[in-house]
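Here is how the chains run, residue by residue.
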Amino acid sequence: MIEELLKNPAFAELYKNAPTYNVDGKHTFMGSIIPPVLPPPSTPVINNLPNIIPPKPNNNGNSKTTNRVVLVIILSLVGGFVIIKGMNWWDDYKNKKNSKI
């Protein structure tokens, strides 16, 4: 079958220039000028890390952000309560005004 394919000039040229595969005990690579590059020996990553500033410890909930969040929640609750009471008062005022007429 290869003999029939070699009669085709295009295939014969490809076959003639095809790379060969060389196998030694450790690596398999295509025959070329450049041999395969071995990876560098592994070293622990911890030794290569730069000095890092440790994270700030928590202030056990005594930060300004926590106080602001609590203040916003309390103001929202008070504001909602005032709006509901104001709406009820306005409805009562309108009902009393309409009942007098």
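This is a predicted model, so every value here is computed, not measured.

## Let's talk about the overall build of the chain
Right, on to step 1. Scanning the chain from N- to C-terminus turns up three helices and two strands.
Right, on to step 2. Traced from its N-terminal end to its C-terminal end, the chain shows the element sequence α-α-β-β-α.
Right, on to step 3. Buried residues in the chain amount to 0% of all 101 residues.
Right, on to step 4. Only carbon and sulfur atoms are counted for the fraction: they give 65% of the accessible area of the chain, which is about 10,300 Å².

## Examining the packing of aromatic side chains
Right, on to step 1. What the rule picks out here adds up to three aromatic pairs.
Right, on to step 2. Ring plane angle 15° and centroid distance 5.5 Å describe the contact between Trp-89 and Tyr-93, whose orientation is recorded as stacked. Here Tyr-93 and Trp-89 lie together in helix α3 (residues 64-100), a separation of four residues that amounts to about one turn.
Right, on to step 3. With a relative accessible area of 40%, Tyr-93 lands in the partly exposed category.
Right, on to step 4. Pairwise contacts between aromatic rings join Trp-89, Trp-90 and Tyr-93 into one cluster.

## Some thoughts on the confidence of the model for the chain
Right, on to step 1. Scored by pLDDT, the chain comes out at a mean of 75, with 60% of its residues at no less than 70.
Right, on to step 2. Mean pLDDT in the chain bottoms out at strand β2 (residues 28-30), which sits at 52, and peaks at α3, which reaches 89.

## Topic: a nonpolar patch on the surface
Right, on to step 1. A contiguous nonpolar patch, built from Val-70, Ile-74, Val-78, Phe-81 and Val-82 and spanning about 460 Å² of accessible area, is present on the exposed surface.
Right, on to step 2. Its location among the elements puts Ile-74 in helix α3.

Reading guide: rules and limits
- Residues numbered from 1 in each chain as written.
- Predicted model: local features only at pLDDT ≥ 70, side-chain atom pairs only at ≥ 80, totals over all residues.
- Heavy atoms only, no water.
- Helix = DSSP H or I, 4+ residues; strand = E, 2+ residues; numbered from the N terminus.
- Buried < 20%, exposed > 50% of the residue type's maximum accessible area, 1.4 Å probe, protein only.
- Areas by Shrake-Rupley, 256 points an atom, 1.4 Å probe, with all protein chains shown as cover.
- Phe/Tyr/Trp six-rings, centres within 6.5 Å; stacked < 30°, edge-to-face > 60°.
- pLDDT = per-residue confidence, 0-100.
- Patch = residues over 30% accessible without salt bridge, like charges linked within 9 Å, V, L, I, M, F, W, Y side chains within 5 Å.
- Salt bridge = Lys/Arg side-chain N within 4 Å of Asp/Glu carboxyl O.

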